[in-house]
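Analysis of the macromolecular model
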Amino acid sequence: MYNLFKFIAKYHFFLLFLLLEIISLTLVVQYNNYQKAKFINSANAFTGNIYTIQSNITNFFKLKKVNEQLAEENAYLKSVTKEIHYVEVPMLTSDSIFLTDTLFLDTLISLNYIPAKVISNTTNKQQNIIFINKGKNDGLYENMGVVNQKGVVGVVRNISNNYATVVPIINTGFNINAKIKDSGFFGNLTWDGVNPLYAQLYDIPNHISPQKGDTIVTSGYSKVFEDGNIIGYIENVETVPGKSFIMIQVKLAVSFGNLNYVYALQNNFDNELDSLSYEN
Amino acid sequence: MKISIKNILFFLFLLVFQLLILDQTSINIFINPYIYPLIIILLPFEISGWLLLISAFILGFVVDVFNGTVGLHMFATVGMAAFRPLLINLFSLQKLDNNNSLNIKSLGLIVSGSFIGILLFIHHVLYFVLESFSFANFHFLILRIVLSTLVSLLLCMLLLLIFKNNNKGNER
C-alpha cells in the first residue's frame, strides 16, 4: 500500500495528465454523434445571456443586411398570398357537379413557425453550432427542424428554458435524407467539412443524370422535416469510381455566413407520429 | 509566487477576446485562431504540476461550453499543458528569466516566440485532429493546422507586445 502511494506521489503529474485526457477523450468519443450530446448542455442561460449581449452589440452593424433579408421575404410572402387569392374555382356545369374541399388550407396545417434570432453562429469549424434565443418556454423541443426564408438550416439539438442550440447542415455530424425534386430519387446528404457553401449528396444511382441547377429538397421520410423543404441546388455531379452511385455537390440555399433570423418548425402531429413509430 | 490582478484581468481579456470576437467572426475555414492557451502558457514557471493540469482542464471546459463542443478543447489544452514543464526545461527559461513568468523583454522575441509557437502548435494539432476525427482530407487538415497556428502565434505576440511589454520587472 505504501509503495502504491509512493508510486502515485512520484508520477502524480503523468497520472493526472492521463486521467484528464482519458476523461476528455471519452467525452469526445461518446458525444461525437450529435444526437447523443445531451450530457453537457451548452444551451444554458449563462452562455445564452452572454451571447445575447454580444449579438445585441454586433447586430447594430448588421441592420442593413437584416432589413434587406426581411424585405426580400416580405416580397416572397406577398407573391404567395396573391396566388392563394386567385385559386381557380372549377366551373360548375349542368351534367357533372363536383365540389373541392375549400377548407383544405385549414385542415392541412400541421406546422407552426416559431421565429428565433441567431445569437451565435460559426462557419469555420467542423462541428459548427448555432445558438438561438428561443427554448422550451417558447414551445421548442429536441429534433425540431429549423429553416429560414431560403431553405433548411438544421435541427435543434440541446434545449434549455430560453435558449437552444441548432446543428446546421454544415456540421460533419449532420445527415439528412434528401431527394432530387424533379426525379424523386433520394439519397443521404452530409457535409465533408471543407467548404461551408457546399454539401454532398450520396447514394443516388448512377443511371440518373441530374442537371446542374436542379433543386434538392427534404424527402419527408423523417418527422423532422416535411416533404419539399429546399436544401440547395445541384452544382456538379461526380462519378465515384467502382461504385454504382454518384456524388452530387449541392450548393446550399442558406448562406450560413449571414444568418440572422430562423424559424423552428413545430409539427403538430409529432406526438401522433411518435406513438406510431413506437408501436412498430 | 503570486498572480497579480493585472494578470488576471489580462487573462479575462484573452478569454473574452477568444469567445466573443475570434470565435464569432468565422474568418475562414482554414483560419481558426485560438489564443486562449496563452493563459496556460503565461502561468508562473514554478506552478505545481497538478494545478497546471487542472487549470488547463477547467479552461478547456469553459471554452467547450461556449463553443457547443464536448471535450475537444479540454483534450487539446490539457495535452498542451503537459508539454509545458518539458519545454521550460528544454529552453531553460527559469535560468534566463528572473521574472518567474514569460516576459518578452528579458527573454527576447525569438526565444519567447518559439516557446509560445511550439505550445500553440501542439494545442492546434491535438484540437484539429480530434475535431475532424479522421484523416480523410489530410492535406486540408495540415493546411488548417499550419495556417491557424501561424495566425494564433501572430495574434499572441501582438497582444503580448501591446499589453505586457511596459511592466517589466515590477510586481509578480
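A short tour of the structure in this document, coming up. (Residues numbered from 1 in each chain as written. Chains lettered and ligands numbered in written order. Predicted model: local features only at pLDDT ≥ 70, side-chain atom pairs only at ≥ 80, totals over all residues. Heavy atoms only, no water.)

1. Concerning the overall build of chain B
Using the following cut-off: Only DSSP runs of H or I with at least four residues qualify as helices, and only runs of E with at least two residues qualify as strands; both kinds are numbered from the N terminus onward. The reference for a compact globule is 2.2 Å times residues^0.38; the radius of gyration itself is calculated from the C-alpha atoms. Exposure classes here rest on a 1.4 Å probe applied to the protein chains alone. A residue is buried below 20% of its type maximum, exposed above 50%, and partly exposed in between. We call two residues in contact when some of their heavy atoms are within 4.5 Å. Only the protein chains shown count as covering a residue, and every accessible area follows the Shrake-Rupley method with a 1.4 Å probe.
Each helix and strand in chain B was counted, giving 8 helices and 0 strands. Tracing chain B from N to C terminus, the helices and strands come up as α-α-α-α-α-α-α-α. What you see for chain B is a C-alpha radius of gyration of 16 Å, in line with the 16 Å of a compact globule of 172 residues. The principal-axis extents of the C-alpha atoms in chain B amount to approximately 50 × 30 × 30 Å. Taken over 172 residues, chain B has a buried fraction of 56%. Counting only contacts in chain B whose residues sit at least 6 apart along the sequence, the fraction spanning at least 24 positions is 73%. Within the structure as shown, chain B displays about 7400 Å² of accessible surface, and the carbon and sulfur contribution to it stands at 74%.

2. Some points on helix H3 (residues 45-59) of chain A
Residue and element names in this part refer to chain A. Going by this rule: What a helix is expected to span follows from its residue count: subtract one and scale by 1.5 Å. Directions are taken from the helix axis to each C-beta atom, and the arc is the one they span.
Spanning 15 residues, H3 covers 20 Å between terminal C-alpha atoms, matching the ideal 21 Å at 1.5 Å per step. Thr47, Gly48, Tyr51, Gln54, Ser55 and Asn59 are the residues of H3 that are buried. Looking straight down H3, one finds that the buried residues subtend no more than 135 degrees of arc, so they occupy a single side. Across from the buried face of H3, at angles greater than 90 degrees, the exposed residues are Phe46, Ile53 and Ile57.

3. Details of the pattern of salt bridges
Residues and elements named next belong to chain A. How we decide: We count a salt bridge whenever a side-chain nitrogen from Lys or Arg sits within 4 Å of a carboxyl oxygen from Asp or Glu.
Applying the stated criterion across every chain yields a total of 5 salt bridges over all chains. Note that Glu72 and Lys150 form a salt bridge whose closest N and O atoms lie 3.5 Å from each other. Of the two residues, Glu72 is situated in helix H4 (residues 63-85) and Lys150 in the loop between strand E3 (145-147) and strand E4 (152-159); the sequence distance between them amounts to 78 residues. Take Glu72: its relative accessible area is 44%, and that puts it in the partly exposed class. Asp227 serves as the salt-bridge partner of Lys179, at 3.1 Å between the closest nitrogen and oxygen.

4. Here's the deal with the layout of surface pockets
If a probe the size of a water molecule is rolled over the atoms, the empty space left behind becomes visible. Basically, it comes down to this: Put plainly, a pocket is an open set of points on a 1 Å grid over the protein atoms alone with protein on both sides within 12 Å along at least five of seven lines, a cavity is a set where a 1.4 Å probe fits but cannot get out, and a lining residue has an atom within 4 Å of a point. Grid points are joined across faces, edges and corners, and a volume is the space filled by probe spheres set on the points. Side-chain classes follow a simple rule in which Ala, Val, Leu, Ile, Met, Phe, Trp, Tyr, Cys and Pro form the nonpolar group, Asp, Glu, Lys and Arg form the charged group, and the remainder, Gly included, forms the polar group.
Considered as a void within the structure, the second largest pocket measures approximately 390 Å³ in volume. Looking at the second largest pocket, it is lined by 20 residues, and the ones nearest its centre are Lys62(A), Asn121(A), Gly257(A), Gln24(B) and Thr25(B). Classifying every residue of the lining of the second largest pocket gives 6 nonpolar, 12 polar and 2 charged.

5. Here we look at the interface of chain B and chain A
Put simply, the test is: Summed over both partners, buried area is the accessible surface (1.4 Å probe) that two parts give up on being assembled. N or O atoms closer than or at 3.5 Å make up a polar contact, with two conditions inside protein: a donor-capable atom paired with an acceptor-capable one, and, for residues adjacent in sequence, both atoms drawn from side chains.
Contact with chain B, which involves 39 residues of that partner, is made by 39 residues of chain A. Counting each side, the surface lost to burial between chain B and chain A is near 3400 Å², with a carbon and sulfur contribution of 68%. Lys125(A) serves as the salt-bridge partner of Asp23(B), at 3.7 Å between the closest nitrogen and oxygen. Linking chain B to chain A there are 10 residue pairs in polar contact (both at pLDDT 80 or more). Contributions of two or more residues to the side of chain B that touches chain A are made by helix H1 (5-25), helix H3 (49-67), helix H4 (72-90), helix H7 (109-132) and helix H8 (138-163) of chain B. Residue contributions to the side of chain B that touches chain A peak at 9 residues, all from H3(B). A breakdown of the residues in the side of chain B that touches chain A according to their chemical character gives 25 nonpolar, 11 polar and 3 charged.

6. As for unusual backbone geometry
The phi torsion of most residues other than glycine is negative, and most of the peptide bonds are trans. Residue and element names in this part refer to chain A. Phi angles above zero are rare outside glycine, and Asn143 is one such case at about 60 degrees. Topologically, Asn143 is positioned in the loop between strand E2 (130-132) and E3. Positive phi is not limited to glycine here, since Asp203 has a value of about 70 degrees. Relative to the helices and strands, Asp203 is located in strand E8 (residues 198-205).

7. With respect to H1(B)
Basically, it comes down to this: The term bend refers to the angle at a residue between two fitted axes, each drawn through seven residues, those ending there and those starting there.
For H1(B), with 21 residues, the first-to-last C-alpha span of 29 Å sits near the 30 Å given by 1.5 Å per residue. In the structure, H1(B) departs most strongly from a straight axis at Gln18(B), where the bend amounts to approximately 35 degrees. Those residues of H1(B) lying buried are Asn7(B), Phe10(B), Phe11(B), Leu14(B), Leu15(B), Phe17(B), Gln18(B), Leu19(B), Leu20(B), Leu22(B), Asp23(B) and Gln24(B). Considering only its buried residues, H1(B) is in contact with H3 and strand E1 (111-121) of chain A together with helix H2 (38-41), H3 and H8 of chain B. Just downstream of H1(B), Ser26(B) is the residue with a positive phi angle, here 45 degrees.

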